[in-house]
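Remarks on the overall topology
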Amino acid sequence: MAFLKTFKGGVHPPDHKQLSKDAAITEAMVPELLTVPMAQHIGKPAQPVVKVTDEVKRGQVIGESQGFVSANVHSPVSGKVKRITECNTPLGTKTQAILIENDGQDTWAEGCNVESNPENLTPKEIRSRIADAGIVGMGGATFPTHVKLSPPEGKTIDTVLLNGVECEPYLTSDYRLMLESPDTIVKGLQLVMRAVNCNNGYIGVEANKPDAFKIMEKTCKELSSSDARLAAVMLEVKYPQGGEKQLIEAVLNREVPSGRLPMDIGALVQNVGSSHAIYQACYLNRPLTERIVAVTGEAVAEPANLLARIGTPIGDLLRHCRFDEEKAVKLICGGPMMGLAHFDLEMPVNKGMSGLLALTDASDWDFRHCIRCGRCVDGCAAHLLPSELSIIGESGRFLDAEEANVMDCIECGACTYVCPARRPIVQWIKLAKQEIMKERLRKAEQAKAV
Amino acid sequence: MDWKALSIALGSMAGIGAVLGIVLAWGSKRFFVKVDERVEQVEAILPGVNCGACGFPGCSGYAEAIVTSEATMTLCSPGGAECAHDIARIMGAEVEAVEPKYALTACQGGNVPNRFDYSGVHDCRAAVVPGMGGGIKHCTYGCIGYGTCARACPFGAITMNDKQMPVIDEEKCTGCGRCVEVCPRDLNRIDRESRTVFVLCTSHDKGAVTNKICDHGCIACKKCEQECPFDAIHVIDNLAVIDYEKCKLCGKCVDVCPKGVIVNLRKERRARKQARETAAKEATT
């Protein structure tokens, strides 16, 4: 057997994907009342542009992007603005939110949901379509897509990678999308390639999804042309294979230098879900108002892949899948490795929520001292020394952590997963990063004052 | 024994030693840097805890800054009045009396219920890193209760009580401000001894929300605002805020506050000040 492409490091958690991998994507019920958060992306939160009692249509901009690193927010249904309030978000923050009363009509706003042919769009027009549609990284990072597609002057992108790896256990939303809608994904990829003016496009798929790989390979072959070469790449099953830098290392054998971005080495990575959303924005004029959420876990009786409107309370989705509130001990938005635990069933679905897990087994973090076994060092996908970083974080010497390159950590959680002393390594790393950022801010302010 | 080989070794070692000794002796004279001896004297007076309250890198940095007139003599809060006085004696200058400063925690919400189970790192700063849920308690403004300030205090002045709230012992507190730096909720503040009226709440939640979750949270009822004869306290964004420019520390707001959010520390502080003054008098006589 030929060796599959992969990166150095990584771990092998059991994937638990059998729970929901055979459930076809179904539409979730649209609730009476939707809570649309204004901060669903990294960057500045959007600003509400509607008032209470205003009538809104589906796809209408209700939150306007603030500055370049920000994204528009659109109404997921037609109805009436009931209240402007605060809500918890899956990013673990509180933010302003618009409550919309659904009128059940689902009328699209003017100009939305109209088929169009994007053949003649210029790269700039594609980028502005994507920005207008409020598309963000849908794998969970929620970084505004139009920013990624606008490399600064002097930097060229030669390869676009689509991330169909979905290396997180339990999650199946990207997998189902690849099976059920391969055309839109590949057409979205072509649009991205045109937007950044490059000819090479790859789709990375892990070897545990051979059917998805086959179908992507076939579609790529069909749509490939001489000025847009497309190919699917099968990758070794390993976590975090779907990390941006890890995917680049596996497919292109290039390493992103410390403190730099993929665009510095000519690569651009997009999630397959984002690619699908880009297709919808450019071919159908549909802004991002819904996404696929894998609702799964041992405490869910009927795991499913639901097409849910942004703003649907997660409690509704869980109840739709007959979730056992007694049995569930932990609720996670995203995957079990990087996702965040939540406590609020009223919290709305946002653009980055790839999964919703109700787990019956919650580990207790009764941690011990580091025994220097080095398993975390072997597993670290960023080639750092997590054991050292955890000890530094625990003792509060945050500036030493900076010297140990803590800022290069991608917070994938592989180290914490393999640690036999059950040390919450990633939390210490996050703490060190936070304190370093604070210190940098303080220094910048001091420099400004002088 | 080979005396010859031994004498060569000894002789050459002695020779090298003598030459290097001469070079060093010459070098130390030639490159002598005159240190102001006052720096050492001042450093000896400073408490030596390197707390950073003065804004200089450690006590030696501050001592140097004083001697080079970069800094005033009253910045050392752990040392207090006595320290400033001694420094002034060395520098041959006069200082005004330094008023002691104390830290204070602006939260009394020990009874606020929990929102979820937390089993991560027991450090307040780690509990609020993005994605950790922002603290276990229902109030997202108040004390998280993992005692980061107590561990950071170089004087052991902060202890955590049975409700997981910090208690500051003003006998030990020197107002150095380490607890202010480490608190992720920005609850600790340093203020001078004579300022005695404080609002011990930072919640901007609406009154009804605060009322439900906290026994000692500001519910923005505005009773203090109506009672104040000097127009010195106002409810801004659901929280009473004292304007110390106008406040005469009369304590009327303290009496009307239905939740006991506003406190007056005058009595305790006056007693402690008197005790301190009598002790100082006894020491001089």
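This one's a predicted model, so the numbers in the text were calculated from it and none came from an experiment. (Residues numbered from 1 in each chain as written. Chains lettered and ligands numbered in written order. Predicted model: local features only at pLDDT ≥ 70, side-chain atom pairs only at ≥ 80, totals over all residues.)

Brief notes about the overall build of chain B
Counting secondary structure elements, chain B contains 11 helices and eight strands. Computed over its C-alpha atoms, the radius of gyration of chain B comes to 28 Å, more than 25% above the 19 Å expected for a compact globule of 285 residues. With respect to the three principal axes, the spread of C-alpha positions in chain B is 100 × 55 × 30 Å. A total of 285 residues make up chain B; the buried ones form 31% of that total. Within chain B, counting contacts between residues at least 6 apart in sequence, those at least 24 apart form 57% of the total. (Helix = DSSP H or I, 4+ residues; strand = E, 2+ residues; numbered from the N terminus. Rg over C-alpha atoms; globule rule 2.2 N^0.38 Å. Buried ≥ 20, exposed ≤ 12 C-beta atoms within 10 Å, placed from the backbone. Contact = placed C-beta atoms within 7 Å.)

Details of the pairing of strand β8 (residues 94-102) of chain A
The side chains of a regular strand alternate between the sheet's two faces. All names here are of chain A. Pairing geometry for strand β2 (residues 33-37) and β8, over five bridges, is antiparallel. For threonine 35, the partnering residue across the bridge sits in β8 and is leucine 99. Two elements, strand β7 (residues 79-88) and β8, share nine bridges in a ladder whose sense is antiparallel. Note that in β8 the partner of arginine 83 across the bridge is leucine 99. (Pairing = 2+ DSSP bridges.)

What to know about the environment of A:Met216
Residues and elements named next belong to chain A. Within the fold, methionine 216 resides in helix α5 (residues 210-223). For the pair formed by methionine 216 and alanine 231, sequence separation is 15 residues and the distance between their alpha carbons is 8.3 Å. If near-sequence neighbours (up to four positions away) are discounted, methionine 216 is found in contact with Gly164, Met178, Pro182, Ile203, Val205 and Ala232.

Quick look at the sheet that holds strand β16 (residues 340-342) of chain A
All names here are of chain A. Pairing within the open sheet is mixed, and its six strands lie in the order β1-β14-β13-β17-β15-β16. Strands with a single pairing partner mark the edges of an open sheet, and in this sheet they are β1 (25-27) and β16. Looking at each pair of strands side by side, their axes are set apart by 30° on average, direction ignored. Strand direction decides the pairing type here: β1 and strand β14 (residues 304-309), joined by three bridges, are parallel. Of the residues in β14, the one forming a bridge with isoleucine 25 is asparagine 305. Against the sheet, helix α3 (residues 173-180) touches β1, β13 (290-296), β14 and β17 (355-359), its axis set at about 120° to β13. (Axes fitted to C-alpha atoms, helices over the stretch in contact; angles between N-to-C directions.)

Some words on the sheet that holds β7(A)
Strands sit in the order β2-β8-β7-β4 (chain A) across an open sheet of four strands; the sheet is antiparallel. Two strands in the sheet have a free side with no partner beyond their single neighbour: β2 and β4 (55-56) of chain A.

A few points about the confidence of the model for chain B
Averaged over all residues, the pLDDT of chain B is 89; the fraction at 70 or higher stands at 100%. Here the predicted complex carries an ipTM of 0.83, next to a pTM of 0.86. (pLDDT = per-residue confidence, 0-100.)

Structural notes on helix α11 (residues 266-284) of chain B
Under the 1.5 Å per step criterion, the end-to-end length of α11(B) is 27 Å for 19 residues, consistent within 8% with the ideal 27 Å. The element α11(B) is largely exposed, with a buried count of zero among its 19 residues. (Expected span 1.5 Å × (residues − 1).)

Points about the domain arrangement of chain A
One can read the domain layout of chain A as domain 1 (19-112 + 287-359), domain 2 (118-283) and domain 3 (375-449). Taking only C-alpha atoms into account, the centre of domain 1 of chain A sits 31 Å from that of domain 3 of chain A. (Domains from an automatic or database assignment.)

Some thoughts on unusual backbone geometry
Residues and elements named next belong to chain A. For the peptide bond that leads from tyrosine 239 to proline 240, omega is -5°, which places it in the cis range. Mapping proline 240 onto the fold places it in the loop between β11 (229-235) and α6 (244-252). Phi is positive for histidine 16, which is not a glycine, with a value near 50°. Structurally, histidine 16 is set in the segment before β1.

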